[in-house]
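# Structural overview for review
Here are the chains, one letter per residue:
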There are 2 protein chains.
Amino acid sequence: MPRVQTPRYCCPDLIGIEHYERWVSRDLIEEIQQLARQLRGIRVCHINSTASGGGVAEMLGSLVPLCSTLGIQADWRLITGDEQFFRVTKTFHNALQSAGLDLREEALAGYLERNRVSAEQVHDEYDVYVVHDPQPLAIRHFASTDHSKWIWRCHIDSSKPNPPTWEFVRPFVEEYDAVVFTMESFQPADLNASCLRFVPPAIDPLSTKNLELDEDLYCRVLVELGISLRKPVLLQVSRFDPWKDPLGVIRAFHLVKQEIPALQLVLAGGMATDDPQGGEMLEALRTEAAGDRDIHVFTNLGNLEINALQRAAYAIIQKSIKEGFGLVVSEVFWKRKPVVAGNAGGIPLQFPDDYQGFLVESVEECAQRLSTLLKQPAQAQGFGAAGNAKVTADFLLPRLLRDELQLFADVL
Amino acid sequence: MPRVQTPRYCCPDLIGIEHYERWVSRDLIEEIQQLARQLRGIRVCHINSTASGGGVAEMLGSLVPLCSTLGIQADWRLITGDEQFFRVTKTFHNALQSAGLDLREEALAGYLERNRVSAEQVHDEYDVYVVHDPQPLAIRHFASTDHSKWIWRCHIDSSKPNPPTWEFVRPFVEEYDAVVFTMESFQPADLNASCLRFVPPAIDPLSTKNLELDEDLYCRVLVELGISLRKPVLLQVSRFDPWKDPLGVIRAFHLVKQEIPALQLVLAGGMATDDPQGGEMLEALRTEAAGDRDIHVFTNLGNLEINALQRAAYAIIQKSIKEGFGLVVSEVFWKRKPVVAGNAGGIPLQFPDDYQGFLVESVEECAQRLSTLLKQPAQAQGFGAAGNAKVTADFLLPRLLRDELQLFADVL
C-alpha cells in the first residue's frame, strides 16, 4: 500500500478554510473550526485505489491537505494491484451498479489476497480509516486494529446490486463502524449497518479544475487544441465508459447539427489508472465520430485544460445512463454553464428546480434540449446562473468537510 | 499524410502580429507587414512528423495560424508511419548528430517507401513546401511538382554526421531549393546547397507554454502535483533522452543536496509520439532517483502545467550533452529564471554575455553553479533578468516569422 505524496506541509497561503469565506456562510466556517478544535490531533487515513483520475482522487486531493491545516493529521494511501486485480474490482464496481455479471471464484480469491496483503501494512496507527469504494473494501476484514474506527465510503449507486456480488460484499461492509453513501437512494435495501450516513460529494473552487481563468488563457487553450472559437462548443467531460454514453452524445450532436450546422463537439475523457476498459470504448467512439472534423476527442488532458474547455463551452452534455453522483455537473454549473444531462444517479439533485426539464432519457430528447439552449441564449444564461447558485449553496468543499468532521466526531 | 487540425479561421482576438507589439520594435512589425503584402495569397505547406511534443510541433502551432492572419495560406501536414519507421528516423536523427550507428539496408528501404507513399499525396498545390528534419526529407525526391519550391529545415546539429548516414541523406538534401540550419555551426562541411540560410528558432510569448500566469494558479499546480512550496525547486524540462542527461541531473542534485538539504528536483518530460526510446530512459532514471522523495518525475504534463512549473522553479537545469538549439532555455529566460546548462548546441547563443560561466561540462560543475545560485539570490535574479532581455531581443516569434517570410520571398 504505497503512500500518495500529498503535501504534508501546511500551506496557508493557498489552502486553508478561510479562503472559502467568500463563497460560504460565516456560520459554516465557524462550525468547521469548532469541530476541528474538538478533533485536534486525531489521525485519519484515507485508502482508495487511484491517485489521479476520477472524482474520488480529486476530492481527496483537496480534502486531505485542508484537513491538515486544521490540525488533523490526514494521510492518503493507495491499494495497488496488477491489471487482473483492477479488472476484478472494475467488475465489482459495475456489478454493484446492477449489471448482471458473474465473478469467478479465482477472481474473488485474487481480490481477497490483494486486500489481505495490503492489510499487513495497517498497524493501528490511525484513529480513523476511511476506505473508499469496493477496491480496498476487505482491508478492514484482514487488518488487526484494536483502537481504530473504520468508515466505508461508497461513492457508487448500490441500490440494485447484482445479488451474488452483493452477498459476497455485504459481510465485509457490515464489519465497518460506519457506512457512508452519497445519497439515501444509493443504499442496498438489506444492509445492516451500525451507523449509516448520506453525504454528497463537493467541488473545490480553488483547485486547478475549478479556479477562475482569464478568457485570454482559456481561449488560447482551445486554439492550441485545434478547436474553433467561431462555432459554439458542446462539451462532455467524462471517462470513456458505456454508462456515460459517449456514442449517444455523438448521435445527439449529429441530430442538432442538422438544424444548426456551425457547431462543435468536444469529448474529453481522463483515463483513470484503475480503468482498463477505457481503451476499447475510445476506439468505438472514434469510429462513430469518423469523418466529422467538428468532433474533437481528447484523452489525458490536465485539469487546467479541462477547466479551460468547460469555461469556453457554450453548453455542457452529461448524458449518463448510470451515475454515481456525477460531480462534473456541479463543476460546470459552478462555471455558469447550462447542462443537458441524463436523469441518473445524483445528477437531478444538482439541477436547479426550474430547469429539471433539461434532464433527458434519450438521444432525441438530448438533441432537442441542446437545440433549445442554442436558440435561446438568454435562457441558457439564466440556467447557468441558477446552476451556480445551487452549487454555491450545496456542493462546495466546506460543506463536505463539515460532514466528514461531524462523522469523525460521532464515531470516535 | 494526414492534415493537422490547425485553426483555419483567422482569430484576430488572440492571434495577430499586433499582439506582439508590446515586446518587439515597431520596425520589425512593419517589416513583417511589408513582406506579407508582397507575399499575399501564396500557399505554404509545412511537413513534419509529429503534431505534438517537441519544439518543431510547438513552433508550427504558433507560426502556421499567425501566417494565416497575414493573408498567407499556411497548412501543416504530417508524415506518418509505424513504430518501425519512427525507430529508423530516430536512428537517422541520432546519426546526423554524429553517433556511430549503422542503418541496415531494409530499414532504409522502409524509410524510402514511407516517403514515396506520402509523396503521392503531394499535388503541386502549394507554392512552397517546408520539410522539417530527416523524417519526411525524401518526400521532395518522390514528389512530382513542377512549380513548387522546396525548403528543407533542419533543426538538429549536423556538423559532424555519421559518414555513411550523411552519404545516404545528402543527395536528398541537395535536391532542395533552399536549406535552413539553425546556426552556421550546425551545417555539414561538404553540403552543396543552392541556397543556404541560418535561422534560429523562437518562442511564442502568447502560447499556453509561455503566457503570464497568476502566482495563485501556478502555486496551486505545484500543490496538486505533490510538490512542496516550502523548499526551492530545481527543474529540468526535456525529453527523457540520454543526450539531455537526466541521470547526470539527479547526480548533480544529490551533490547540491549534501550542502543544502531542503531542496527539490522536478524532471518533467513530454513523451513525443515519434520517440520510441523515451520509456527505457524513464525507467533508468526512476531507478537512479529511487528512495529520494524530493525528486519528482512527471511525464505527459500539459503546456500550462509546464509553464506553471517553470514559473514556480527557483532555478532551471538544462544539462544537455548534445542539443539542437535547446529552445527551452529561452522559455525559462523569458520567465526570468537563472539557468545552469550544458555547453552544447544552441544553448550558449541564448545565454547573456555576463553569465556564460553557468554553462557547464560536468556533473560537478553543474552542482557547483546550482549551489552558487541558491546561496546568492540577488545574482540569480540578475541572471534571470539578463536572460529575459536576451530573449526579448533575439528569440521571440516575430523575428522568426520575418526570417521565414524573407526566405519565401527569396526562393519564389
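The structure contained in this document is the topic of the report that follows. On a predicted model such as this, the values are computed, not experimentally measured, just so you know.

### Regarding a negative patch on the surface
A cluster of acidic side chains, namely A:Asp214, A:Glu215, A:Asp216, B:Asp214, B:Glu215 and B:Asp216, defines a negative patch on the protein surface. Secondary structure elements with two or more residues in the negative patch: helix H7 (215–224) of chain A together with helix H7 (215–224) of chain B. Position of A:Asp216 relative to the elements: it lies in helix H7. Here A:Asp216 falls in the exposed class, since its relative accessible area comes to 54%.

### Some thoughts on the interface of chain A and chain B
Listed per partner, the contact involves 35 residues of chain A and 35 residues of chain B. When the two sides are added together, the surface that chain A and chain B hide from each other amounts to roughly 3,000 Å², 54% of it contributed by carbon and sulfur. The interface formed by chain A and chain B holds two salt bridges in total. The partner of B:Arg220 in a salt bridge is A:Asp204, with the nearest N and O atoms 3.2 Å apart. Our enumeration of links across chain A and chain B arrives at six residue pairs in polar contact (both at pLDDT 80 or more). Those elements giving two or more residues to the side of chain A that touches chain B turn out to be H7 and helix H10 (303–312) of chain A.

### As for the environment of A:Tyr111
All names here are of chain A. Within the secondary structure, tyrosine 111 is located in helix H4 (residues 105–119). Separated by 27 residues in the primary sequence, tyrosine 111 and glutamine 84 have C-alpha atoms spaced 9.0 Å apart. With sequence-adjacent residues up to four places away left out, tyrosine 111 is seen in contact with Phe85, Val88, Thr89, Phe92, Pro134, Gln135, Leu137, Ala138 and Phe168.

### Comments concerning the pattern of salt bridges
Pairing between side chains becomes possible if they bear opposite charge and their charged atoms approach one another. Applying the stated criterion to the full structure yields 56 salt bridges over all chains. A salt bridge links A:Arg87 to A:Glu83, with the shortest nitrogen-to-oxygen separation between them at 3.4 Å. Remark: A:Glu83 and A:Arg87 occur in helix H3 (residues 83–96); sequence separation between them is four residues, near one turn of the helix. The residue B:Lys319 makes a salt bridge to B:Asp245 at a minimum N-O spacing of 2.9 Å. Here B:Asp245 lies in the loop between strand E7 (233–237) and helix H8 (246–259) and B:Lys319 lies in the loop between strand E10 (315–318) and helix H11 (328–334), a separation of 74 residues in the sequence. Comparing B:Lys319 with B:Asp245 shows no difference in burial state: the two are buried.

### Thoughts on unusual backbone geometry
The backbone of A:Asp133 shows a phi angle near 65°, a positive value even though the residue is not glycine. The phi torsion at A:Arg336 lies on the positive side, around 65°, for a residue other than glycine.

### Notes on the sheet that holds strand E5 (residues 178–181) of chain A
Residue and element names in this part refer to chain A. Taken in spatial order, the six strands of this open sheet run E2-E1-E3-E4-E5-E6, and their pairing is parallel. Pairing within the sheet leaves two strands with one partner each, and these edge strands are strand E2 (73–78) and strand E6 (196–198). Averaged over all pairs of adjacent strands, the angle between strand axes in this sheet comes to 20°, irrespective of strand direction. With four bridges joining them, strand E4 (residues 149–154) and E5 adopt parallel strand pairing. By the bridge assignment, cysteine 154 is partnered in E5 with phenylalanine 181.

### Quick look at helix H3 (residues 83–96) of chain B
Residues and elements named next belong to chain B. Between its terminal C-alpha atoms H3 stretches 20 Å, which fits the 20 Å expected from 14 residues at 1.5 Å a residue. Taken residue by residue, H3 has Phe85, Phe86, Val88, Thr89, Lys90, Thr91, Phe92, Asn94, Ala95 and Leu96 as its buried positions. In this structure, the buried residues of H3 make contact with helix H4 (105–119) and helix H6 (163–174).

### A few points about the relation of the copies chain A and chain B
When chain A is brought onto chain B, the operation consists of a screw motion whose angular component is 180° and whose axial shift is 0.0 Å, with 0.0 Å RMSD remaining. On the angle and the small slide along the axis, the relation comes out as a two-fold axis. Relative to the rotation axis, the C-alpha of A:Gly302 is the closest in chain A, positioned 3.0 Å from it. Mapped onto chain B, 100% of the interface residues of chain A are again interface residues, and the two copies thus contact each other with one and the same surface.

### Here we look at the sheet that holds strand E9 (residues 295–299) of chain A
All names here are of chain A. On the basis of which strands lie adjacent, the open sheet formed by six strands has the order E9-E8-E7-E10-E11-E12 and parallel pairing. The sheet is open, and its two borders are formed by E9 and strand E12 (359–360), each paired with just one other strand. Pairing geometry for strand E7 (residues 233–237) and strand E10 (residues 315–318), over two bridges, is parallel. Among the inter-strand pairings, leucine 234 is bridged to a residue of E10, identified as alanine 315. H10 contacts E7, strand E8 (264–269) and E10 of the sheet and is inclined by roughly 140° relative to E7.

### Considering the packing of H10(A) against helix H10 (residues 303–312) of chain B
Where H10(A) meets H10(B), the axes come as close as 7 Å, and the angle between the chain directions of the two elements is 125°. The angle between the axes of H10(A) and H10(B) places the two elements in the oblique class. Residues A:Asn303, A:Leu304 and A:Glu305 of H10(A) pack against B:Asn303, B:Leu304 and B:Glu305 of H10(B). Residue composition of the contact of H10(A) with H10(B), by class: two nonpolar, two polar and two charged.

### As for the packing of H3(B) against H4(B)
Residues and elements named next belong to chain B. Interaxial distance between H3 and H4 falls to 9 Å at its minimum, and their mutual angle equals 105°. Relative to H4, the element H3 lies roughly perpendicular. Facing Gln84, Phe85, Val88, Thr89 and Phe92 of H3, the residues of H4 in contact are Ala107, Leu108, Tyr111, Arg114 and Asn115. Its residues assigned to classes, the contact of H3 with H4 comprises six nonpolar, three polar and one charged.

The rules we used
- Residues numbered from 1 in each chain as written.
- Chains lettered and ligands numbered in written order.
- Predicted model: local features only at pLDDT ≥ 70, side-chain atom pairs only at ≥ 80, totals over all residues.
- Heavy atoms only, no water.
- Patch = residues over 30% accessible without salt bridge, like charges linked within 9 Å, V, L, I, M, F, W, Y side chains within 5 Å.
- Areas by Shrake-Rupley, 256 points an atom, 1.4 Å probe, with all protein chains shown as cover.
- Salt bridge = Lys/Arg side-chain N within 4 Å of Asp/Glu carboxyl O.
- Lys, Arg positive; Asp, Glu negative; His and termini not counted.
- Charge placed at Lys NZ, Arg CZ, Asp CG, Glu CD.
- Helix = DSSP H or I, 4+ residues; strand = E, 2+ residues; numbered from the N terminus.
- Buried < 20%, exposed > 50% of the residue type's maximum accessible area, 1.4 Å probe, protein only.
- Contact = heavy atoms within 4.5 Å.
- Buried area = accessible area lost by both parts, 1.4 Å probe.
- Polar contact = N/O pair within 3.5 Å; in protein donor to acceptor, adjacent residues only side chain to side chain.
- Pairing = 2+ DSSP bridges.
- Axes fitted to C-alpha atoms, helices over the stretch in contact; angles between N-to-C directions.
- Expected span 1.5 Å × (residues − 1).
- Least-squares fit on C-alpha atoms with pLDDT ≥ 70 in both.
- Parallel < 35°, antiparallel > 145°, perpendicular 65-115°, else oblique.
- Nonpolar A, V, L, I, M, F, W, Y, C, P; charged D, E, K, R; others polar.

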